Amino acid sequence: NAGVTQTPKFQVLKTGQSMTLQCAQDMNHEYMSWYRQDPGMGLRLIHYSVGAGITDQGEVPNGYNVSRSTTEDFPLRLLSAAPSQTSVYFCASRDPQGGKYEQYFGPGTRLTVT
Amino acid sequence: ILNVEQSPQSLHVQEGDSTNFTCSFPSSNFYALHWYRWETAKSPEALFVMTLNGDEKKKGRISATLNTKEGYSYLYIKGSQPEDSATYLCAFMKTSYDKVIFGPGTSLSVIP
């Protein structure tokens, strides 16, 4: 199993540009989520999904869109990039029915907005 | 918005010292409490997930306890080693399908 994969690893955007961060998992996990890493704040939840076709907002959803058309993929779209969105983004997945509940994280995408 | 807090924010200990951190979370509607270890430039990795009041989990020199009635969990590291240097995160969820909300973390540095 590859686990949770994220692409790209690094990205530089100009203010106002849009882009999609890709996330995929091959563990058949129903639950997937996106976090951003902010200094002194740990990981903050952007959006999450409990299954294909179902998404919901987390703590900091503004400026981001998500969709979940398949169990495997959960892309995160930045609509109009702003310098405040410079961060490291982590995708994670878990099995809500497995009885273990721990999240498995991807390697992260480091995004810089200039 | 759920309020998950951790203390201290950072900690510097000598190699061989034992240490502990605290995570506090809402005591109502509790389902599970997670602990993760997060090394610099890597992804967080799960240490423990605890669901029952009074739970105690252990992995090597690291252990954790859970008090759901008062809303806190302790993480203990016995005989700290330099390789234990990392940020330790706790996270809370209210149901098995609920979002997982993290605390701000405790940064541990173990000085050789």
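Residues numbered from 1 in each chain as written. Chains lettered and ligands numbered in written order. Predicted model: local features only at pLDDT ≥ 70, side-chain atom pairs only at ≥ 80, totals over all residues. Heavy atoms only, no water.

## Some points on the overall build of chain A
Part 1 of the reasoning: Across its full length, chain A holds 0 helices and 11 strands.
Part 2 of the reasoning: Evaluated residue by residue, chain A yields a buried proportion of 47% over its 114 residues.
Part 3 of the reasoning: Residue pairs at least 24 apart in sequence account for 53% of intrachain contacts in chain A once pairs closer than 6 positions are excluded.
Part 4 of the reasoning: Working note: accessible area of chain A is about 5,200 Å², and carbon and sulfur atoms make up 48% of it.
Part 5 of the reasoning: With 9 positive and 9 negative side-chain charges, chain A shows a separation of 10 Å between the mean positions of the two kinds. (Helix = DSSP H or I, 4+ residues; strand = E, 2+ residues; numbered from the N terminus. Buried < 20%, exposed > 50% of the residue type's maximum accessible area, 1.4 Å probe, protein only. Contact = heavy atoms within 4.5 Å. Areas by Shrake-Rupley, 256 points an atom, 1.4 Å probe, with all protein chains shown as cover. Lys, Arg positive; Asp, Glu negative; His and termini not counted. Charge placed at Lys NZ, Arg CZ, Asp CG, Glu CD.)

## Thoughts on the overall build of chain B
Part 1 of the reasoning: Along its length, chain B carries 0 helices and 11 strands.
Part 2 of the reasoning: Ordered by position in the sequence, the α and β elements of chain B form the string β-β-β-β-β-β-β-β-β-β-β.
Part 3 of the reasoning: Taken over the C-alpha atoms alone, chain B extends approximately 40 × 30 × 20 Å along its principal axes.
Part 4 of the reasoning: In chain B, which comprises 112 residues, the share counted as buried stands at 47%.
Part 5 of the reasoning: Contacts spanning at least 24 positions in sequence make up 55% of the contacts within chain B whose residues lie at least 6 apart.
Part 6 of the reasoning: Surface exposure of chain B reaches about 5,400 Å², of which carbon and sulfur atoms provide 46%.
Part 7 of the reasoning: Each charge sign in chain B was given a centre, from 10 positive and 11 negative side chains, and these centres are 5 Å apart.

## Focus: the environment of tyrosine 101 of chain A
Part 1 of the reasoning: By the element assignment, tyrosine 101 of chain A lies in the loop between β9 (87-94) and β10 (104-105).
Part 2 of the reasoning: Considered as a pair, tyrosine 101 of chain A and tyrosine 31 of chain A are 70 residues apart in the sequence and their alpha carbons are 9.7 Å apart.
Part 3 of the reasoning: Residues contacting tyrosine 101 of chain A, with those up to four places away along its chain left out, are Arg94, Asp95 and Pro96 of chain A together with Tyr31, His34, Val49, Thr51, Met93 and Ser96 of chain B.
Part 4 of the reasoning: At 2.7 Å, the side chain of tyrosine 101 of chain A forms a polar contact with the side chain of tyrosine 31 of chain B. (Polar contact = N/O pair within 3.5 Å; in protein donor to acceptor, adjacent residues only side chain to side chain.)

## Let's talk about the packing of aromatic side chains
Part 1 of the reasoning: Applying the stated criterion to the full structure yields 16 aromatic pairs over all chains.
Part 2 of the reasoning: Relative to tyrosine 36 of chain B, the ring of phenylalanine 105 of chain A lies with its centre 5.8 Å away and its plane at 90°, an arrangement referred to as edge-to-face. With phenylalanine 105 of chain A in strand β10 and tyrosine 36 of chain B in strand β4 (residues 32-38), this pair bridges two chains. No difference in accessibility class separates phenylalanine 105 of chain A from tyrosine 36 of chain B, as the two residues are buried. (Phe/Tyr/Trp six-rings, centres within 6.5 Å; stacked < 30°, edge-to-face > 60°.)

## Thoughts on the pairing of strand β11 (residues 109-113) of chain A
All names here are of chain A.
Part 1 of the reasoning: Burial along β11 is one-sided: the face carrying Thr109, Leu111 and Val113 is buried and the face carrying Arg110 and Thr112 is not.
Part 2 of the reasoning: One ladder, built from 4 bridges, connects strand β2 (residues 10-13) with β11; its direction is parallel. Each bridged residue has a counterpart across the sheet, and for leucine 13 the counterpart in β11 is valine 113.
Part 3 of the reasoning: As paired elements, β9 and β11 share 3 bridges and run antiparallel to each other. Along β11, the bridge assignment pairs tyrosine 89 with threonine 109. (Pairing = 2+ DSSP bridges.)

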